[in-house]
Amino acid sequence: MKVTKTKLEGCVVIEPTLFNDERGYFFESFNTERFNTAIGNEINFVQDNQSFSTRGVVRALHFQKGDDAQAKLIRVLNGVILDVVVDLRPHSKTYGEYFSVELSSENKKQLFVPKGFAHGFSVLSDTAEVLYKCDNYYNKKSEGGIIYNDATLNIDWKLKSEEIKVSEKDLILPTFKSALV
Ligand SMILES: Cc1cn([C@H]2C[C@H](O)[C@@H](COP(=O)(O)OP(=O)(O)O[C@H]3O[C@@H](C)C(=O)[C@@H](O)[C@H]3O)O2)c(=O)[nH]c1=O
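Predicted model only: the values in this text are computed from it and were never measured. (Residues numbered from 1 in each chain as written. Predicted model: local features only at pLDDT ≥ 70, side-chain atom pairs only at ≥ 80, totals over all residues.)

Secondary-structure assignment places T32 in helix 1 (residues 32-39). The spatial distance from the C-alpha of T32 to the C-alpha of N44 is 8.6 Å, given a sequence separation of twelve residues. (Helix = DSSP H or I, 4+ residues; strand = E, 2+ residues; numbered from the N terminus.)

To continue, consider the sheet that holds strand 13 (residues 143-145). Taken together, five strands build an open sheet; the order of strands is 9-8-11-6-13 and the sheet is antiparallel. A single partner strand is all that each edge strand has here, and the edge strands are strand 9 (98-104) and strand 13. Strand-to-strand twist in this sheet, taken as the mean axis angle between neighbours without regard to direction, amounts to 30 degrees. As judged from the three bridges shared by strand 6 (residues 58-64) and strand 11 (residues 117-123), these two strands associate in the antiparallel manner. Of the residues in strand 11, the one forming a bridge with R59 is F121. (Pairing = 2+ DSSP bridges. Axes fitted to C-alpha atoms, helices over the stretch in contact; angles between N-to-C directions.)

Here we come to the UniProt feature "active site" (unreviewed entry) in the chain. When the UniProt feature table is mapped onto this chain numbering, "active site" (unreviewed entry) sits at H62 and Y132. In three dimensions, the annotated residues from a span of 71 residues occupy one location, with a maximal C-alpha spread of 13.5 Å. The residue H62 is located in strand 6 in this model. H62 has contacts with A118, H119, G120 and G145, leaving out every residue within four places of it along the chain. Along the chain, Y132 turns up in strand 12 (residues 127-134). (UniProt positions renumbered as here; feature names shortened; annotations may be inferred. Contact = placed C-beta atoms within 7 Å.)

This part covers the site of the ligand. For the ligand, the full set of nearby residues is N49, S51, R59, A60, H62, H119, G120, F121, Y138, S167 and K169. Of all the elements in the fold, those that place two or more residues in the shell around the ligand are strand 5 (47-54), strand 6 and strand 11. Across the shell around the ligand, the residue classes break down as three nonpolar, six polar and two charged. (Near = placed C-beta within 6 Å. Nonpolar A, V, L, I, M, F, W, Y, C, P; charged D, E, K, R; others polar.)

This is the structure we're talking about:
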């Protein structure tokens, strides 16, 4: 497996080793030992989430607060997404910066996002199924978020503004500046 660091310390892109033969392909989509070695930390994933979305959907930008903060490992079963993370760690040298990467069923890339980041994605294919592991359980009371089109972050979701579809819940999220005070 190939592990590539990103400009945001702790966020890494993982590309599993693929075994092709006349039947098709095989790969280990997750291996605790290899994963922990790759990121240099011991992560205990406790919840898997799967979502299906159509082109233009933007699910963003989400995080859980305090003790409920979640590290996530994201991959795509079908389709293409632009996965986006924003560094919310106050003492980080990349605080307030974002990183994006295309994850697809074709490239089989996975993005590991440690605690301390907001996460979201846009759907660039007709449909997309996204699967991600979390190292903490969902807690509605701890949910936090930032509006997807925040002017300070200025995220390029690789979609035309008229095709973007956002949930009612996500449309009323605060700005980056007001979310963190
Ligand atoms: C996230 C989550 C939601 N739910 C429920 C709450 C709600 O009724 C329904 C849909 O929830 P949401 O609208 O929050 O789903 P969604 O907008 O897909 O939220 C997810 O977005 C991506 C980008 C993330 O990073 C995730 O952590 C999560 O925040 O599912 C759970 O039961 N468990 C969970 O872990």
